[in-house]
Amino acid sequence: MSVLCLIANPARPVLTPRIVEAVQEKTGGTINWLHREIACEIIGPSTQSPETVARKVLQDLPVDAARVPARNRRKKLLLADMDSTMIEQECIDEMAAALDLKPRIAAITARAMAGELDFAQALAERVSLLAGLDANTIKTLRREAITLAPGGRVLVKTMREHGAKTVLVSGGFTIFADYFARRIGFDQAIANQLEFDENETLNGRVTGPLVTAQTKLDQLQKQAEQLGIPLSATLAVGDGANDLPMILKAGLGVAMHAKPMVEEKAPVAIRHADLSALLYLQGYGEQDLVY
Ligand SMILES: [Mg+2]
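This is a predicted model, so every value here is computed, not measured. Numbers given to residues run from 1 along each chain, matching the order in which its sequence is written. Two thresholds apply to this predicted model, a pLDDT of at least 70 for residue-level local features and 80 or more for giving and counting side-chain atom pairs, whereas whole-chain, interface and lining totals are computed over all residues. Hydrogen atoms and water are omitted, and side-chain values are computed over all heavy atoms in the structure.

We now examine the environment of Thr140. For Thr140, the location among the structural elements is in helix H7 (residues 135–144). Considering only alpha carbons, one finds Thr140 and Met256, 116 residues apart in sequence, at a separation of 27 Å. Every helix listed is a DSSP run of H or I at least four residues long, and every strand listed is a run of E at least two residues long, numbered separately from the N terminus.

The subject of this paragraph is the packing of helix H1 (residues 17–27) against helix H2 (residues 50–58). The geometry of H1 relative to H2 is characterised by a closest axis approach of 9 Å and an angle of 135 degrees between their N-to-C directions. Considering their axes alone, H1 and H2 lie oblique with respect to each other. The hand of the H1/H2 crossing is right-handed. On H2, the residues touching Ile19, Ala22, Val23, Lys26 and Thr27 of H1 are Pro50, Val53, Ala54, Val57 and Leu58. Each residue gets one of three labels, nonpolar for Ala, Val, Leu, Ile, Met, Phe, Trp, Tyr, Cys and Pro, charged for Asp, Glu, Lys and Arg, and polar for the others, Gly among them. For the contact of H1 with H2, the class distribution of residues is 8 nonpolar, 1 polar and 1 charged. Note on geometry: axes are lines fitted to C-alpha atoms, helical ones only across the stretch in contact, with angles between N-to-C directions running from 0 to 180 degrees. Orientation categories follow fixed angle ranges, with anything under 35 degrees roughly parallel, anything over 145 roughly antiparallel, 65 to 115 roughly perpendicular, and all other angles oblique. Crossing chirality is assigned from the near helix's rotation relative to the far helix, an anticlockwise turn below a right angle marking it left-handed and a clockwise turn marking it right-handed. In this description, contact between two residues means that some pair of their heavy atoms is separated by no more than 4.5 Å.

What follows covers the coordination of the magnesium ion. The protein atoms that coordinate the magnesium ion are Asp81 (OD), Asp83 (O) and Asp239 (OD), at distances of 2.1 to 2.2 Å. Summarised as a motif, the one-chain spacing of the donors to the magnesium ion is D-x1-D-x155-D. Each residue is assigned to one of three classes by its accessible area relative to the maximum for its type, calculated with a 1.4 Å probe on protein chains only: buried under 20%, partly exposed between the two thresholds, exposed over 50%. Residue Asp81 is classed as buried on the basis of its relative accessible area of 4%. Look at Asp83 and you get buried, because its relative accessible area is 7%. We call an atom a donor if it is N, O or S and sits within 2.8 Å of the metal, or 3.2 Å for Na, K and Ca. Water is not counted, so some sites may look partial.

Position of Gly251 relative to the elements: it lies in the loop between helix H11 (244–249) and strand S10 (252–256). Given a relative accessible area of 39%, Gly251 falls into the partly exposed group. Along the chain, Gly251 and Thr85 lie 166 residues apart, while their C-alpha atoms are 19 Å from each other. Beyond its immediate stretch of four places on either side in the chain, Gly251 contacts Lys75, Leu231, Ser232 and Thr234.

Our next topic: the pairing of S10. Each regular strand carries side chains that alternate between the two faces of the sheet. Summarising burial for S10: 5 of the 5 residues are buried, a large majority. Side chains Leu252, Val254 and Met256 project from S10 onto one buried face, and the interleaved Gly253 and Ala255 project onto a second face that is buried too. The pairing criterion for strands is at least two bridges between them, as found by DSSP. Summarising the sheet, strand S9 (residues 234–238) and S10 pair through 4 bridges and their orientation is parallel. Looking across to S10, one finds that Val237 is bridged to Val254. Seen with the strands pointing away from the viewer, any crossover whose path from the first strand over the helix to the second strand runs clockwise is right-handed. Running through H11, the crossover from S9 to the neighbouring parallel element S10 is right-handed. Alignment of S10 against strand S11 (residues 268–270), held across 3 bridges, turns out to be parallel. In the strand pairing of S11, Ala255 is matched with Ala269. Traced from S10 through helix H12 (residues 260–265) to S11, the parallel crossover comes out right-handed.

Purely geometric numbers; function is a separate question.
Here it is, written out as structure tokens:
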């Protein structure tokens, strides 16, 4: 049996009983509200691909429709991408802005995230352009130029409260990932380490093994193994091409406001809602949320 989830953005709570009933009339199944005006599930829809049926009913309404299996919905491990997923910017582009290199570097980032460039090569090229940037400037823009993606904190806190491990896994940099992982409440952060010279200035290189698409996938498997849980009990979320392998392997894989090629291939795509959608997909309701 499956469950059809209808999820709106809490900043734009447009989900009404009338809309849900209009969907249920076409899909069959039992209506169960998770959060007033924001999230509702239809348990055991009887039509083929009820999410497609729902999207036809919803038309232009900013409501996501996603189908998930009815069993084992609550996950015990969350692996989340950072840039453009848990935060609203690409850190490397913001660092480039401090050197007046944003258009040049952002163009490479966009192509890398769309899967058009080799990730490692594109990263090395961009990091080399950042040589000379000092640590204080990075710390300032970390505070001033980066915003947390809505719903991230409630996602991480609620999952942790219910016994899940949460890991931020980023192809970006530890100087950002460690900081934002703490601010959002993750158990752990994994990212690339930028090399600074003795004057606390970037030398244009990273140290240690690169965090690539393969690293993210390996982490999913390794962390699940360490927790003694099957992959079906894992959740992975991201927006870029380097997130796709972990998204495809996880028990619940979500493309979050993602690049088209990621959205197309991911089992679930969230286009309208915020990160709290990942809780409703797991069957959490308003009373379960930890802010
Ligand atoms: Mg990203």
